[in-house]
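Residues per chain, in single letters:
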2 protein chains.
Amino acid sequence: MATTHQLTPPHLHHPSASTTPRVRATASLAHPLLLSRRLRLRLAAAPQSRSPCPRRGAMSVRSSLIDPDGGALVELVAPPDRVPALRAEADALPRVRLAHVDLQWAHVLAEGWASPLRGFMREHEYLQSLHFNCVRLPDGGLVNMSLPIVLAIGDADKDQIGGNPDVALQGPDGGVVAILRRVEIYPHNKEERIARTFGTTAPGLPYVDEAIASAGNWLIGGDLEVLEPIKYNDGLDHYRLSPRQLRNEFDKRGADAVFAFQLRNPVHNGHALLMNDTRRRLLEMGYKNPILLLHPLGGFTKADDVPLPVRMEQHSKVLEDGVLDPETTIVSIFPSPMHYAGPTEVQWHAKARINAGANFYIVGRDPAGMGHPTEKRDLYNPDHGKKVLSMAPGLEKLNILPFKVAAYDTVAKEMAFFDPSRSQDFLFISGTKMRTFAKNGENPPDGFMCPGGWKVLVDYYNSLQAEEATPVPV
Amino acid sequence: MATTHQLTPPHLHHPSASTTPRVRATASLAHPLLLSRRLRLRLAAAPQSRSPCPRRGAMSVRSSLIDPDGGALVELVAPPDRVPALRAEADALPRVRLAHVDLQWAHVLAEGWASPLRGFMREHEYLQSLHFNCVRLPDGGLVNMSLPIVLAIGDADKDQIGGNPDVALQGPDGGVVAILRRVEIYPHNKEERIARTFGTTAPGLPYVDEAIASAGNWLIGGDLEVLEPIKYNDGLDHYRLSPRQLRNEFDKRGADAVFAFQLRNPVHNGHALLMNDTRRRLLEMGYKNPILLLHPLGGFTKADDVPLPVRMEQHSKVLEDGVLDPETTIVSIFPSPMHYAGPTEVQWHAKARINAGANFYIVGRDPAGMGHPTEKRDLYNPDHGKKVLSMAPGLEKLNILPFKVAAYDTVAKEMAFFDPSRSQDFLFISGTKMRTFAKNGENPPDGFMCPGGWKVLVDYYNSLQAEEATPVPV
């Protein structure tokens, strides 16, 4: 297995690993979507506590996991006993209404995915992110921070805030979700932000259209204090494990290596082959208990991506069908919105998983990429993502695992690693081709995807077509 | 004096400083432009040797200067005894013709301004520069490298090179100037390069028009071996001191601090005030012999900038008139082309001066900035340059000196540091206003610029107008 960073044998990497008691969760959280389908996947019990440090002291396990960026996980949800006082305080503060994407970023910040950030970026963090894809710690060290995590406001909000140091943040439905403290307001240089983040200013970038182009001309940074854990009430909140919850679960399972697989597409058997092969190789390297974090992205995605609930159902089928081993797999939702910023964004995807305890990261062709919005080509060179990831300041401690190419082996009638010596036997099925099959009700070759997972996709595209065919009242 | 990085007292910063013998150059190089005008400025003797390490061993001075990036100055000019063999070798190699700007970059690389780069960037260096504004050393450390120093070639050149590991580089006039070894050819993603370097893709960026838009679709990187020191034969080559030559001169003068002033405009008395004030403050801080490097940029500039020969004549008048002290000032030409890339480029300007021995860098409002090419505003936030510079990875060892604002004091009738308590007394004279004065033959207020320097500008604009008025034969 080619790795870009040096792989350290587990006993060196994790001095405590060999003496760490392997503790299994004895109770599993009821997991409606999966357990109802005989799923044996053990999910971490989602703590109901709103404490910034849930279950601290409850674990007697010494963790052998990688440290979060900055040394400690930054958690910004207020303890429950502070909430009444915070609500009273918020009543007297100027208010800013968050868009849906802003709320997703508040969620990301609140749980420490962006550790050591303590809130929406102030200008000094924004500039470092924009120019260097990293920010400096107080001790002079660098942590990776490739996407600006910023909150835009308009002139009216700015005027309303005036010289107030603190601002209440309302969710899209109007309820107060957080207080932003010691705020700093600075110009939102949209063109420059877009150019430096995406490497293009072409019209039609999904995240720009959603969250930048029509956003305000100012950015407001500050320290975030979130009143309650952010929930979406979409039936999937129990999948949204925080970095703390994931770390607890990895420790409970006695993980001595965690390998993360970021995805925003259905899982086919080529993905599964890769994940299973990665585990096998980690075992060969001497790790005793590598755990897979199968980590679909749950925030904003572009209109033609498969929606999150459909993907989650598809993933559950893949586990149900035994394609992945539930004993060594955790499925959870990564709450971040998607930028489609290719080599810039893949760093964020990897960095956030360090904070959740992953020390191995699988990276494929053209991660976080898409077609150029106005030209007939990929927006990014498909190889740049893994190259940039392997060079990124602040990610030295993460082991990068380049994706091996899997394709459909027409002889073996299964997904297999591509063998160039008999390339004529292999069939490449792109995401676009897969979606076309599903839309047209055609079946992909046997062995491409487990039948249960495939049916989820076919049903979804059928429902879309039914919707399109339904006359809309005028 | 506000400094962003901690200022270390000289005896701590340079342990050898107090015991370093202060050696003065006893012979000055004849300097036609300046000495003919009674200039007492002592310039370093320009060594005639073509050795990569000119004068090594000739100096008995222990240097107290800051180390070059990567620890050693990279010099890529072949020793003279190798040149015949290199010429013979070049005859058998595929050839690439350099544009003028490419030759300027070859010059920059050859003398070690971009240390530790050993040639035009290969892809791994290019990607790090583009995404992180820095490149990693073999020991894992980072050095700053904010501008891609790359060589573009077209399809025909690429085909001609084929699998050849080495390529001969011809100057714009056709003569072989260098060999590029162990070349790597990779795609020139122009749109992304422009967006990430300039923070915009708007049409009309001078460097893009000059060197990127019509350049080839491939980049070629490799190790550079330059046959002879690059000369321009424009009467100014003696001003083009290499980092090695500058370091030798600083050592000869016993400099224990070197403060660099990058400029591409005429020097007015506000600049001079700032430079003299900086020296005074460095003396107050305990430095015994701070030397000013007055370092006009000599490579490509946009059409409406004052041309290099005029600027050099203007600078010589400023020294002649005693506005700056020739004993503690070195005027030299920085051979780099100008990108006008604002906060990205100012890092390059600072980094290159570290390699020449400067440990203090003066930074002003909107460094390396310009007007937005298609909108009525500055392309960059004028404060971002100094902020980004102060945060840049790899520049931690450089002391950043933010420019204090000088303006014309109408009471004292001289340039003075702006005093906000009597702002009505001050007149701000922008570069545009200065050029308008000179173009219209009007005089700026007394004390704005020394009369000799002003006359150089007026003569230049008069000659331009005369040229415009001359009928062109058809």
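Under the annotation held in an unreviewed UniProt entry, chain A carries the name sulfate adenylyltransferase and is attributed to Sorghum bicolor. Quoted verbatim from the Pathway (unreviewed entry) field of the UniProt record, the comment on chain A reads "Sulfur metabolism; hydrogen sulfide biosynthesis; sulfite from sulfate: step 1/3."

Here we look at unusual backbone geometry
Across the junction of Ser115(A) and Pro116(A), the peptide omega takes the value 10°, indicating a cis bond. The backbone of Asn133(A) shows a phi angle near 55°, a positive value even though the residue is not glycine. Assignment of secondary structure puts Asn133(A) in the loop between α5 (123-132) and β2 (134-136). Residue classification places Asn133(A) among the buried positions, given a relative accessible area of 3%. In the Ramachandran plot, Lys413(B) falls in the positive-phi region, its phi being about 55° despite a non-glycine side chain.

Some words on the sheet that holds strand β13 (residues 406-409) of chain A
Residue and element names in this part refer to chain A. With antiparallel pairing, 3 strands are arranged side by side in an open sheet as β14-β13-β15. Looking at which strands have only one partner, the edges of the open sheet turn out to be β14 (414-417) and β15 (426-427). Judged from the 2 bridges that link them, β13 and β15 form a sheet pairing that is antiparallel. Counterpart to Tyr408 in the pairing with β15 is Leu427. Contacts from helix α10 (residues 269-284) reach β13 and β14, with the element oriented near 50° to β14.

Quick look at the pattern of salt bridges
Residue and element names in this part refer to chain A. Taken as a whole and judged by the stated rule, the model has 66 salt bridges over all chains. Across the pair Arg281 and Asp277 runs a salt bridge whose closest N-O atoms are separated by 2.8 Å. Residue Arg281 and its partner Asp277 are both found in helix α10; the two are separated by 4 residues, about one turn of the helix. Across the pair, exposure class does not vary: Arg281 and Asp277 are buried alike. One salt bridge connects Asp425 with Arg422, and the closest N-O pair in it is separated by 3.1 Å.

A word on the packing of helix α11 (residues 308-320) of chain B against helix α15 (residues 451-469) of chain B
Residue and element names in this part refer to chain B. Between α11 and α15, the least distance of the axes is 7 Å, while the angle of their chain directions is 160°. The angle between the axes of α11 and α15 places the two elements in the roughly antiparallel class. Considering the relative orientation of α11 and α15, their crossing is right-handed. Judged by residue contacts, Val310, Glu313, Gln314 and Lys317 of α11 engage Gly452, Gly453, Val456, Leu457 and Tyr460 from α15. Considering only residue class, the contact of α11 with α15 consists of 4 nonpolar, 3 polar and 2 charged.

With respect to the sheet that holds strand β11 (residues 360-363) of chain A
In any sheet, the strands associate via hydrogen bonds between backbone groups, in a parallel or an antiparallel arrangement. All names here are of chain A. Spatially, β10-β9-β8-β11-β12 is the arrangement adopted by the 5 strands of the open sheet, whose pairing is parallel. The open sheet terminates on both sides in strands that have one partner only, identified here as β10 (329-331) and β12 (399-402). Sheet twist, expressed as the mean angle between neighbouring strand axes with direction ignored, is 25°. Pairing of strand β9 (residues 290-296) with β10 involves 3 bridges; the strand directions are parallel. Of the residues in β10, the one forming a bridge with Leu293 is Ile330. Here helix α12 (residues 342-355) sits on the sheet in contact with β8 (257-263), β9 and β11, set at roughly 155° to β11.

Reading the values: the criteria
Residues numbered from 1 in each chain as written. Chains lettered and ligands numbered in written order. Predicted model: local features only at pLDDT ≥ 70, side-chain atom pairs only at ≥ 80, totals over all residues. Heavy atoms only, no water. UniProt positions renumbered as here; feature names shortened; annotations may be inferred. Helix = DSSP H or I, 4+ residues; strand = E, 2+ residues; numbered from the N terminus. Buried < 20%, exposed > 50% of the residue type's maximum accessible area, 1.4 Å probe, protein only. Pairing = 2+ DSSP bridges. Contact = heavy atoms within 4.5 Å. Axes fitted to C-alpha atoms, helices over the stretch in contact; angles between N-to-C directions. Salt bridge = Lys/Arg side-chain N within 4 Å of Asp/Glu carboxyl O. Parallel < 35°, antiparallel > 145°, perpendicular 65-115°, else oblique. Left-handed = near helix turned anticlockwise from the far one by under 90°. Nonpolar A, V, L, I, M, F, W, Y, C, P; charged D, E, K, R; others polar.

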